[in-house]
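Listed below, chain by chain, are the residues.
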Amino acid sequence: MSDPVIRVSHLKKSFGQQEVLHDIDFSIQKGEVVSIIGSSGSGKSTLLRCINLLEIPDSGSITFHGKEILSRDMNKQDYRSKVGMVFQNFNLFANKNVLDNCVLGQRKVLKRSKEEAVDIAKKHLERVGLSDFLNKPSTKLSGGQKQRVAIARALSMDPEVLLFDEPTSALDPEMVGEVLEVIKDLAKTGLTMIVVTHEMQFAKDVSDRVIFMDQGVIAEEGTPDEVFNHPKNARTRQFLSRFMNRDEESAEAEADEEKTAVAE
Ligand SMILES: Nc1ncnc2c1ncn2[C@@H]1O[C@H](COP(=O)(O)OP(=O)(O)O)[C@@H](O)[C@H]1O
Ligand SMILES: [Mg+2]
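These lines cover the structure that appears in this document, whether it is placed above or below.

Conventions adopted
- Residues numbered from 1 in each chain as written.
- Chains lettered and ligands numbered in written order.
- Predicted model: local features only at pLDDT ≥ 70, side-chain atom pairs only at ≥ 80, totals over all residues.
- Heavy atoms only, no water.
- Phe/Tyr/Trp six-rings, centres within 6.5 Å; stacked < 30°, edge-to-face > 60°.
- Helix = DSSP H or I, 4+ residues; strand = E, 2+ residues; numbered from the N terminus.
- Buried < 20%, exposed > 50% of the residue type's maximum accessible area, 1.4 Å probe, protein only.
- Expected span 1.5 Å × (residues − 1).
- Arc of directions from axis to C-beta.
- Contact = heavy atoms within 4.5 Å.
- Near = heavy atom within 4 Å.
- Polar contact = N/O pair within 3.5 Å; in protein donor to acceptor, adjacent residues only side chain to side chain.
- Areas by Shrake-Rupley, 256 points an atom, 1.4 Å probe, with all protein chains shown as cover.
- Nonpolar A, V, L, I, M, F, W, Y, C, P; charged D, E, K, R; others polar.
- Pairing = 2+ DSSP bridges.
- Axes fitted to C-alpha atoms, helices over the stretch in contact; angles between N-to-C directions.
- 1 Å grid on protein atoms, 1.4 Å probe; cavity = no way out; pocket = protein on both sides within 12 Å on 5 of 7 lines; lining within 4 Å.
- Points joined across faces, edges and corners; volume = space filled by probe spheres on them.
- Parallel < 35°, antiparallel > 145°, perpendicular 65-115°, else oblique.
- Left-handed = near helix turned anticlockwise from the far one by under 90°.

## Regarding the packing of aromatic side chains
Each aromatic ring pair is summarised here by two numbers: the centre-to-centre distance and the angle between the ring planes. Tallying each qualifying case throughout the model produces two aromatic pairs. Ring centres of Phe-64 and Tyr-79 lie 5.4 Å apart, and the angle between their planes is 80°; this geometry places the pair in the edge-to-face category. Residue Phe-64 is found in strand S4 (residues 59-64), and its partner Tyr-79 is found in helix H2 (residues 76-82); the two are separated by 15 residues along the sequence. Relative accessible area serves as the criterion here: at 6%, Phe-64 is assigned to the buried category.

Quick look at the structure:
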């Protein structure tokens, strides 16, 4: 196997007395799509935030193409432009329109000319289906549109890796699909991606590898078939069965609704 794009070794992070990440080891190869699943509080966001340098780990190392990102001579802004992040709550510039949201970082960090930055932003906004919204204030968008702007903004920086932290968790259910479609398309382009998600079917469909995190450790990892269909760890089985039960419950509820509708 070739050298990984990102390698995390012996990563530890505490908040006060609470150790949130215990000795995390993992790496991602170029072009790989890795999903991270796990209960709320298991440390998924903290791991992504460490990789994006939004949190500084207590110990361990994170390398990008073999170079330690925590070292003093690493240009943090440059690194963040190569390893982009899409957040649950979009984090758009509220006082800017759609186009400016996608232009700003390119101008500031990549020092692109206005013309070039606008061209690139438009290309990515078209890709996420928002060409007709360039001048719209970001506050006037639906959640699904906001998240698609956030994705176009991240892509406008020409990242080598994109990190997604529950990109559909803050959305109304009817908007989840449009955002997942965009991410699925990206996965097909060969972009290296780490996606924290509670969308199990999506994780099954797009991932090369699935990581199950539990209480600050990687409890299990493997192909989607291994993790979803043949989980080895009891905690993984427990976690997945909660989701399966939820699916069954909603399927039962739907079936009941159908029966009622027929009876009426
Ligand atoms: N900035 C912070 N300060 C204190 N505790 C935090 C902070 N961020 C996360 N935590 C705690 O760390 C644990 C893991 O959180 P998080 O990484 O957000 O988990 P997940 O994304 O899997 O839900 C939780 O117990 C959370 O309360
Ligand atoms: Mg989280």
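## Quick word on helix H4 (residues 114-127)
Note that an α-helix has 3.6 residues per turn; residues three or four places apart therefore point the same way. Relative to the 20 Å expected for 14 residues at 1.5 Å per residue, H4 spans 20 Å between its end C-alpha atoms, a close match to the ideal helical length. Every buried residue of H4 is accounted for by Ala-117, Val-118, Ile-120, Ala-121, His-124 and Leu-125. In a view along the axis of H4, the buried residues occupy a sector of 165°, so they form one face of it. Structural note: H4 exposes Glu-115, Asp-119, Lys-123 and Glu-126 on the side pointing more than 90 degrees away from its buried face. In this structure, the buried side of H4 is in contact with helix H3 (98-108) and helix H5 (143-155).

## Some points on the site of ligand 1
Taken together, the neighbourhood of ligand 1 is formed by Phe-15, Gln-18, Val-20, Ser-39, Ser-40, Gly-41, Ser-42, Gly-43, Lys-44, Ser-45 and Thr-46. The separation between an oxygen atom of ligand 1 and a polar main-chain atom of Ser-42 is 3.2 Å. Contact between ligand 1 and Thr-46: an oxygen atom at 2.5 Å from a side-chain N or O atom of the residue. Relative to its unbound accessible area of 560 Å², ligand 1 is 61% covered by the protein chains. Sorting the residues of the shell around ligand 1 by element identifies strand S2 (18-28) and helix H1 (44-51) as the ones contributing at least two each. In terms of residue count, H1 provides more of the shell around ligand 1 than any other element does, three residues in total. For the shell around ligand 1, the residue count by class is two nonpolar, eight polar and one charged.

## Concerning the sheet that holds strand S9 (residues 209-214)
The pairing of strands in a sheet comes from backbone hydrogen bonds and takes either a parallel or an antiparallel form. Read across the sheet, six strands follow the order S6-S7-S8-S3-S9-S10 without closing on themselves; strand pairing throughout is mixed. Across the chains shown, the open sheet's two edge strands, defined by having one partner strand only, are strand S6 (83-86) and strand S10 (217-222). Looking at each pair of strands side by side, their axes are set apart by 20° on average, direction ignored. Relative to strand S8 (residues 192-196), strand S3 (residues 33-37) is paired through four bridges, and the arrangement is parallel. Directly across from Val-34, in S8, lies its bridge partner Ile-194. Each of S3, S6, strand S7 (161-165), S8 and S9 is contacted by H1, which is oriented at about 150° to S7, the strand it contacts most. Set on the sheet, H5 makes contact with S6 and S7; between it and S6 the angle comes to about 175°.

## Notes on the sheet that holds S2
Read from one edge of the open sheet, four strands run S2-S1-S4-S5, paired in antiparallel fashion. Sheet topology places S2 and strand S5 (67-68) at the edges, where each strand pairs with a single neighbour. Pairing analysis gives seven bridges linking strand S1 (residues 6-15) to S2, with the strands arranged antiparallel. Of the residues in S2, the one forming a bridge with Ile-6 is Ile-28.

## Focus: the layout of surface pockets
Reported here for the largest pocket is a volume of approximately 610 Å³. Along the wall of the largest pocket there are 23 residues; nearest its centre are Arg-80, Gly-105, Val-109, Arg-153 and Met-157. Looking at the lining of the largest pocket, the elements that each hand over two or more residues are H2, S6, H3 and H5. For the lining of the largest pocket, the leading source of residues is H3, giving six residues. Residues that form the lining of the largest pocket fall into these classes: twelve nonpolar, eight polar and three charged.

## A look at the packing of H3 against H5
In contact at an axis separation of 8 Å, H3 and H5 are set at 30° when each is read in the N-to-C sense. Classed by the angle they form, the pair H3 and H5 counts as roughly parallel. Regarding H3 and H5, the two cross each other, and that crossing is right-handed. Packed against H3, whose contacting residues are Val-98, Asn-101 and Cys-102, the element H5 presents Val-149, Ala-152 and Arg-153 at the interface.

## Overview of unusual backbone geometry
In this model, Asn-91 sits at a positive phi of 55°, which is unusual for a non-glycine residue. Note that Asn-91 resides in the loop between S6 and H3. What makes Asn-91 partly exposed here is its relative accessible area of 41%. One non-glycine residue, Lys-111, lies in the positive phi region at around 55°. Note on placement: Lys-111 falls in the loop between H3 and H4. A relative accessible area of 66% means that Lys-111 is categorised as exposed.

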